[in-house]
Amino acid sequence: MSRLVFMATVLAMIVPAVQATSTPKPSRDVLPFKSTETTLANGLRVIVVPTGFPNIVSIQIPVKTGSRNEVEPGKSGFAHFFEHMMFRGTEQYSSDKYQSILTRAGASSNAYTTDDYTNFHTTFAKEDLEMILKVEADRFQHLSYTLEDFKTEARAVLGEYNKNSASPIRKLLEAQRNRAFNTHTYKHTTMGFIKDIEDMPNQFDYSKTFFDRWYRPGNTTLIIAGDVDPVTVIPMVKKYWGDWKAGSFKADIPAEPPPNGPLYERVDWPGDTLPYVTVAFRGPQFSDREKDFAAMDMLVNLFFGPTSDLYQRLVQKEQKVDQFFADNEATVDPSLVTFFARIKDPKDAVYVRDQILRTAREASENPVSAEQLSDAKSNTRYGFARTLDNTDAIASNLAQFVRFDRSYDTVNNLYRVYETLTPADLQNAGKKYFTDKSLIVTTLSKGSLPEPIKAPPALASLTQSGTQQDSGKDLRFIVQKTANPQIDLKLLFTAGSAHDPQGKEGLAALSAAMISDAGSKSMAIDEIIRKLYPMAASFDSRVDKEMTSFTGIVNRDNWSRFAAIALPMLLDPGFREEDFKRVKDGQLNALTQNLRLNNEEELGKERLQTNIFSGTPYGHPVLGTVAGINSITLDDVRTFVRTAYAQGNLTVGVAGDLPDEALSSLRRTLGQLPAGALPAPAGVVGKPPQGLNVEIVKKEARGTFISFGHPIPITRRDPDFAALLVARTWLGEHRSTMSHLYNRIREIRGMNYGDYAYIEAFPGGMFQTVPSPNIGRRAQIFEVWIRPVVPENGHMALRIAIYELQKLIDNGLSEEDFQSTRAYLMKNVFLMTATEDQQIGYALDSNWYGIGEFTATIRERLTKLTREDVNNAIRKYLSAKDLDVVIITRNAEELRDRLVSDAFSSIAYDAPKPKEITDEDKVIGALKLNIKPENVRITPVDEVFKK
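*Asks:* Help me understand the pairing of strand β14 (residues 538-543) in this model?
*Replies:* The side chains of a regular strand alternate, first on one face of the sheet and then on the other. Pairing of β14 with strand β15 (residues 548-555) involves six bridges; the strand directions are antiparallel. Looking at the pairing, Ser541 lines up with Phe550 of β15. Taken together, β14 and the strand that follows it, β15, pair antiparallel across an intervening segment of four residues.

Here you go:
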């Protein structure tokens, strides 16, 4: 599904709403909230939205400056740079002081940059609203940074570019944009051109100019949503933001001339990867008034989405493509509509390209049926309802559309356009934009693709192509009744990859996918997708070491239809050979391509887990191993499903307003599952390292990626969990600027993008800010994750992290650090369970761990905690001397020699550092790690998770 279908067009249909005042609006309005809007004298737009969710407030500040605004040659990347720089502090509130305020508010704060805007977002407890407004106003008006700060952050931005360069998709998009645009600033991506990023440390004076131009109230909207009262909020805003000086700068964004394609661009990827082929056309700009943008989005959804004939043919039936998706981005000026395909066999590249082109021609010539269009509108209606389950999501969705015209009503206006669309409107959009002249084909592969891929054919040349039911009375149910019409069903089985038989590693994951992604006996998966589409319903699976969860989400209005479609996937699976081949290929590619070749950060974390638990049921990834996946047969899956998905393993979680009679019917239906239960996996104990054991995974990468840790005998059920949670949060809160490691490695030294610590497994951490539920494990590790540094700083980065860890063990937390960290966690825990899905998921986890409701339990333990408790736990459970280390780098042999020789580590800075830092660098650079030669091994990346 295109990103816009998920984010833009889903904001298209819902219940009547009121906006700006209490005057009723027509029923076509999509947002079920009252908003208050005002514009201050200086031009700042303020939108206040009470959401009805208690305790939490979310502030979103979209600024109308993105890479589009970078008009001067040699100055690309500065919009993204200021996303970073805005956290550097002011004269009144230094970076440390700003972070301490966020910590006390239990806040989650971050920012992101796009082509057209930069958005700063903070979600926190409502009692801290005035203080957050005050400090946010201060940094927007009085940002202050030194030359040293500037150069440090510029190097951090380079580190982020290096991190992103590991992704084939990002490099492909970079090449595509550079080829497709000649004049407009969409030619470069948000990160900017690499030559400009490398030169950025020399652009200190220009940075001041850029900030002065764009960070002005006339470019900015302040969205305040949540448990708020506009009557009290608006005066606060005027108090702190009213003196912000208006600006007058206007950039002349160069218009892109009409396309004169077709164009072709190729990226030669140095590492192993499946080939990518993208087909793109110059598309319409965003509009909430005209039809082109909305019509194109519907067209993309219907002809190229998961329910389309093209998707079903390429992915499901022919299985030539293992990933296919579309992107119809909402941009201020015309950009690209892109169709992405990852191809299993290079020889199929031309065929896949031509199938996409043929479908584009069909979309121009054949109008969809009224029923198809009606289904698409239904999907957007229920899809939008799914996004309104918490304050942060509501505010975030608003920011993405408010930023165009600084109006709350943009989403309502967009819906009015969707409502008026006809099949002819969609066909006209296809004729207008799917043309030979606007076409650009981009490929990425290691090695050449068939020669005809370079010359796409003209579009005009392409033709069209009965068991006895058990009552289920003994099933365990956890029901959270709410007024929300969105039903969240979780079926949690205590079975996971720890139950994979030896030699069949990956069986649990493959079995779950054969339930959620392969249909029932009576209905193939493509038919199921089509039937769920009008309901915007879903049925997905997630597998971990000891848990497999199936999650169904549907509106209460559609529950009966949904249950009749989704539950037979579990109770009577299809087990078709063609589905098995497709799902198995997909899992193998997820292991070898997505994890092993294209994601160094997750690879390092996963490798550390498997090394520590080597020889135990946790000793392989959930995805399995190459040999294990290849050995699995369909009969193996049938056996696993029959024994693992049994009543004795199941706990059912239901959240939302599901009627009692529907709950009773669900219990009876699930009573058809086999009786019995799997035993808990035995021998799950991590092996404590002796000294430092290092595995260096040799892989061609711009950066060096480091993870290290050791097993700990602590889980949520243990009394010391809260104490270690405080220590972990202070040392390295995930994806947060408040952590100590982040401050010492990234903020002060500018070495990388972030540094974090964990006491619970956090798979997928690079993609999310809070942990997912249903990752319960009876054995955990303490882990430090150092995001990529340049290879020459790998040794030093490891030393710094170990040095800071040892200081924590030796000195413990100060009373001030203990109090501020505990206060942060007391509030932040609410953000971990902010959504309905998180709440029911954590309730199931708490039942498995044998503890009370998660937020109440953690807050109660934190309340009773003392600094002495925390420092005792640090000394008892953490070590900086006995560690398993995984490093992914290209200079494996050189790094091994430096580690074994304990060679001095130095670090070069772009600007002078304070004497205390350079003196500390000398101490750390000489720190003896005492790594024995026999404790260092080098593993080629192709050998990782092979067997």
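*Asks:* I'm lost on helix α26 (residues 740-747) in this one. Help?
*Replies:* Structurally, the α-helix is built with 3.6 residues per turn, so residues lying three or four positions apart point the same way. When you tally the buried positions in α26, you get eight out of eight residues, the bulk of the element. For α26, the complete set of buried residues consists of His740, Leu741, Tyr742, Asn743, Arg744, Ile745, Arg746 and Glu747. Where α26 begins, the capping side chain belongs to Ser739, and its oxygen is found 3.1 Å from the backbone nitrogen of Tyr742.

*Asks:* Mind showing me how you'd approach the sheet that holds strand β1 (residues 36-39) here?
*Replies:* Backbone-to-backbone hydrogen bonds pair the strands of a sheet. The strands run either parallel or antiparallel. Taken in spatial order, the six strands of this open sheet run β1-β2-β6-β3-β5-β4, and their pairing is mixed. Of all the strands in the sheet, the pair left with one neighbour each is β1 and β4 (108-113). If you compare each strand with its neighbour and ignore which way they point, the axes differ by 15° on average. The pairing of β4 with strand β5 (residues 118-125) spans six bridges and is antiparallel. The residue of β5 that forms the bridge with Tyr112 is Asn119. Most of the contacts of helix α9 (residues 230-241) go to strand β2 (residues 45-50), to which it runs at about 150°, and overall it touches β1, β2, β3 (56-63) and β6 (221-226).

*Asks:* Looking at this model, I keep getting lost on the pattern of salt bridges. Mind explaining?
*Replies:* For side chains bearing opposite charge, pairing can occur when the charged atoms are close. For the structure shown, the criterion picks out 62 salt bridges. Between Lys913 and Glu148 there is a salt bridge, with the nearest N and O atoms lying 3.5 Å from each other. On the basis of relative accessible area, Lys913 is assigned to the buried category, the value being 12%. Between Glu546 and Arg778 there is a salt bridge, with its nearest N and O atoms 2.7 Å apart. Taken together, the residues span a long stretch of sequence, with Glu546 in the loop between β14 and β15 and Arg778 in the loop between β19 (755-758) and β20 (780-789) at a distance of 232 residues. Relative accessible area serves as the criterion here: at 3%, Glu546 is assigned to the buried category. Residue Arg778 is classed as partly exposed on the basis of its relative accessible area of 34%. Residues joined in a network through salt bridges with shared partners are Arg744, Arg749, Glu804, Lys807, Glu920 and Asp921.

*Asks:* I would appreciate a short explanation of the layout of surface pockets in the present structure.
*Replies:* Here the idea is plain: a probe the size of a water molecule rolls over the atoms and shows the empty space left. As a volume, the second largest pocket reaches approximately 770 Å³. Around the second largest pocket sit 31 residues that line it, and Ser95, Asp96, Gln99, Met738 and Asn743 are the ones nearest its centre. Listing elements by their share of the lining of the second largest pocket, those giving two or more residues are α3 (95-104), α5 (147-164), α26 and α28 (815-832). By residue number, the principal contributor to the lining of the second largest pocket is α3, which donates six residues. When grouped by side-chain class, the residues that make up the lining of the second largest pocket number six nonpolar, 16 polar and nine charged.

*Asks:* Please explain the sheet that holds strand β8 (residues 276-282) as it appears in this structure.
*Replies:* Across the sheet, which stays open at both edges, the five strands sit in the order β7-β11-β8-β10-β9 with mixed pairing between neighbours. Strands with a single pairing partner mark the edges of an open sheet, and in this sheet they are β7 (263-268) and β9 (321-328). The mean angle between the axes of side-by-side strands here comes to 15°, regardless of whether they run parallel or antiparallel. Both β8 and strand β11 (residues 439-445) contribute to a ladder of six bridges, which runs antiparallel. In the sheet register, Val277 faces β11, and the bridge partner there is Thr443. Running over the sheet, helix α12 (residues 349-365) touches β8, β9, β10 (336-343) and β11 and is turned about 25° from β8.

About the criteria used
- Residues numbered from 1 in each chain as written.
- Predicted model: local features only at pLDDT ≥ 70, side-chain atom pairs only at ≥ 80, totals over all residues.
- Heavy atoms only, no water.
- Pairing = 2+ DSSP bridges.
- Helix = DSSP H or I, 4+ residues; strand = E, 2+ residues; numbered from the N terminus.
- Buried < 20%, exposed > 50% of the residue type's maximum accessible area, 1.4 Å probe, protein only.
- Polar contact = N/O pair within 3.5 Å; in protein donor to acceptor, adjacent residues only side chain to side chain.
- Axes fitted to C-alpha atoms, helices over the stretch in contact; angles between N-to-C directions.
- Contact = heavy atoms within 4.5 Å.
- Salt bridge = Lys/Arg side-chain N within 4 Å of Asp/Glu carboxyl O.
- 1 Å grid on protein atoms, 1.4 Å probe; cavity = no way out; pocket = protein on both sides within 12 Å on 5 of 7 lines; lining within 4 Å.
- Points joined across faces, edges and corners; volume = space filled by probe spheres on them.
- Nonpolar A, V, L, I, M, F, W, Y, C, P; charged D, E, K, R; others polar.

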